[in-house]
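Remarks on the overall topology
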2 protein chains.
Amino acid sequence: MTLKSQHIPRATIQRMAVYIQVLESLQRDGKDVISSELLAKTCSVNPSQIRKDLAYFGEFGVRGVGYYVQDLISSIKQALGVDRVWKTAVVGIGNLGRALLNHREFKLRGFHIVGAFDCDPFKIGEIVSGLEVICSRRLKEKADEIGIEIGIITTPPERAQRATNYLVDAGVKGIINFAPARINVPDDVTVEYVDFFHHLYAVAFNVTLNIESE
Amino acid sequence: MTLKSQHIPRATIQRMAVYIQVLESLQRDGKDVISSELLAKTCSVNPSQIRKDLAYFGEFGVRGVGYYVQDLISSIKQALGVDRVWKTAVVGIGNLGRALLNHREFKLRGFHIVGAFDCDPFKIGEIVSGLEVICSRRLKEKADEIGIEIGIITTPPERAQRATNYLVDAGVKGIINFAPARINVPDDVTVEYVDFFHHLYAVAFNVTLNIESE
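The name that an unreviewed UniProt entry assigns to chain A is Redox-sensing transcriptional repressor Rex, with the source organism given as Desulfovibrio ferrophilus. According to its UniProt record, chain A has this under Subcellular location (unreviewed entry): "Cytoplasm".

Focus: the sheet that holds strand β9 (residues 190-193) of chain B
Residue and element names in this part refer to chain B. Spatially, β5-β6-β4-β3-β7-β8-β9 is the arrangement adopted by the 7 strands of the open sheet, whose pairing is mixed. In this open sheet, the two strands that pair with only one neighbour each are β5 (127-128) and β9. As paired elements, strand β4 (residues 111-118) and strand β6 (residues 131-135) share 3 bridges and run parallel to each other. Bridge pairing links D118 to C135 in β6. Against the sheet, helix α7 (residues 139-146) makes contact with β3 (86-91), β4 and β6, and its axis sits at roughly 155° relative to β4, the strand it touches most.

Describing unusual backbone geometry
Residue and element names in this part refer to chain B. Positive phi, normally seen in glycine, also occurs at S44, with a value near 55°. Its location among the elements puts S44 in the loop between α2 (36-43) and α3 (47-55). Within the chain, S129 stands out as a residue other than glycine whose phi angle is a positive 50°.

Focus on the interface of chain A and chain B
In this complex, chain A contributes 65 residues to the contact, which on the side of chain B involves 65 residues. With both sides pooled, the region where chain A packs onto chain B buries about 6,000 Å², and carbon together with sulfur makes up 70% of that total. Area buried by chain A at its contact with chain B is led by A:R182, A:Y201 and A:F205, which between them contribute 13% of it. The tally of links between chain A and chain B comes to 2 salt bridges. The partner of A:R104 in a salt bridge is B:E158, and the shortest N-O contact between them spans 3.7 Å. Our enumeration of links across chain A and chain B arrives at 4 residue pairs in polar contact (both at pLDDT 80 or more). With 15 residues, helix α9 (residues 196-212) of chain A is the single largest residue contributor to the side of chain A that touches chain B. Split by residue class, the side of chain A that touches chain B holds 39 nonpolar, 16 polar and 10 charged.

Criteria and thresholds
Residues numbered from 1 in each chain as written. Chains lettered and ligands numbered in written order. Predicted model: local features only at pLDDT ≥ 70, side-chain atom pairs only at ≥ 80, totals over all residues. Heavy atoms only, no water. UniProt positions renumbered as here; feature names shortened; annotations may be inferred. Pairing = 2+ DSSP bridges. Helix = DSSP H or I, 4+ residues; strand = E, 2+ residues; numbered from the N terminus. Contact = heavy atoms within 4.5 Å. Axes fitted to C-alpha atoms, helices over the stretch in contact; angles between N-to-C directions. Buried area = accessible area lost by both parts, 1.4 Å probe. Salt bridge = Lys/Arg side-chain N within 4 Å of Asp/Glu carboxyl O. Polar contact = N/O pair within 3.5 Å; in protein donor to acceptor, adjacent residues only side chain to side chain. Nonpolar A, V, L, I, M, F, W, Y, C, P; charged D, E, K, R; others polar.

In structure tokens form, the structure reads like this:
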């Protein structure tokens with residue numbers, strides 16, 4: 001499948017991840033088809049939004065029937081480039097890094113964690129979830145050996161930029177940053193920030209508004 | 001401070017969390033004032049967007065000077081209702097739940113984790129980060145005793161709805177769901193989904209596009 005447009009809004013990509021999540025849970029429940037109305041309702045968006053989002057990737061859905069669950073999952077995954085294995089490394093083996101290394105969903109979704117890096121001499125050599133923790137300074141050397149395509153940063157904020165530099169030097173073009181710090185990368189490197197706190201802030205804010213309006 | 005409008009877009013709330021993160025790192029570096037241009041550049045948004053976002057919360061910034069860092073942090077936190085302590089509970093004490101219980105940023109940002117719940121008899125009674133793991137069925141009883149305002153769900157996907165039901169029964173009005181599953185709540189309960197995978201998908205998608213366009 002070729003993409004109709006390379007200028008796909010971030011919000012569409014975010015919703016595609018929700019559609020996949022909902023479609024996969026329908027698949028687990030043994031559903032073969034779903035109407036666009038029910039899919040929209042389960043994803044908490046309106047049906048025209050789903051049609052608009054999917055239109056970036058091709059033509060889906062059968063009038064009077066809806067969407068074929070399996071076909072739609074495969075097509076979305078192919079369109080997003082997540083129908084293959086991505087070799088992924090985690091930099092920063094604290095509590096969060098360990099949780100991600102042990103998280104069963106990564107492998108299920110094609111993100112195979114092949115490297116675990118930390119600069120703490122007490123952690124280097126330790127085996128976490130079957131991987132030996134390697135000194136972050138050796139990231140480029142290991143990347144040349146095993147191939148690393150995506151880097152996940154789970155260091156404290158003050159070490160995030162150094163972790164970024166190691167990943168960039170190793171030729172990694174995609175970074176997910178869990179550390180609560182902004183990082184600088186060259187133009188050809190994509191960064192996504194995972195920030196729990198904007199979700200906590202949003203919940204606190206909405207709860208506050210509801211209390212005030214009671 | 002009273003809010004100019006209660007209809008503040010989600011995207012604004014998300015960016016407010018980024019502004020706080022950047023302002024706090026400026027504060028750590030000893031900066032007292034920042035120009036709107038530099039703040040915008042560091043947050044990767046344009047200056048007019050920042051002015052528009054802040055206008056929901058009041059009047060900020062001094063012409064020719066910029067923003068006073070400390071004042072702006074306090075004002076944003078007050079406006080978002082995060083200038084106080086929120087009693088928070090974690091349901092699901094697996095790897096991710098443990099990582100969150102040990103995550104130093106929660107307390108720093110006012111989200112005090114006061115309860116740890118799980119339904120696994122092998123985990124009940126265990127002490128994690130100074131908290132005793134309590135049976136999820138006792139959530140309401142404990143909430144009546146200690147007060148729980150925000151619930152964080154870190155169960156496997158198939159147990160997320162049950163965890164939600166316990167939280168809702170206990171009167172919790174704000175939920176952050178880390179489990180990869182949609183959940184149903186009454187209208188007066190706010191839910192935020194934390195989904196790592198849309199970030200992974202976005203990175204994979206952008207890396208794929210860059211490879212293809214080379």
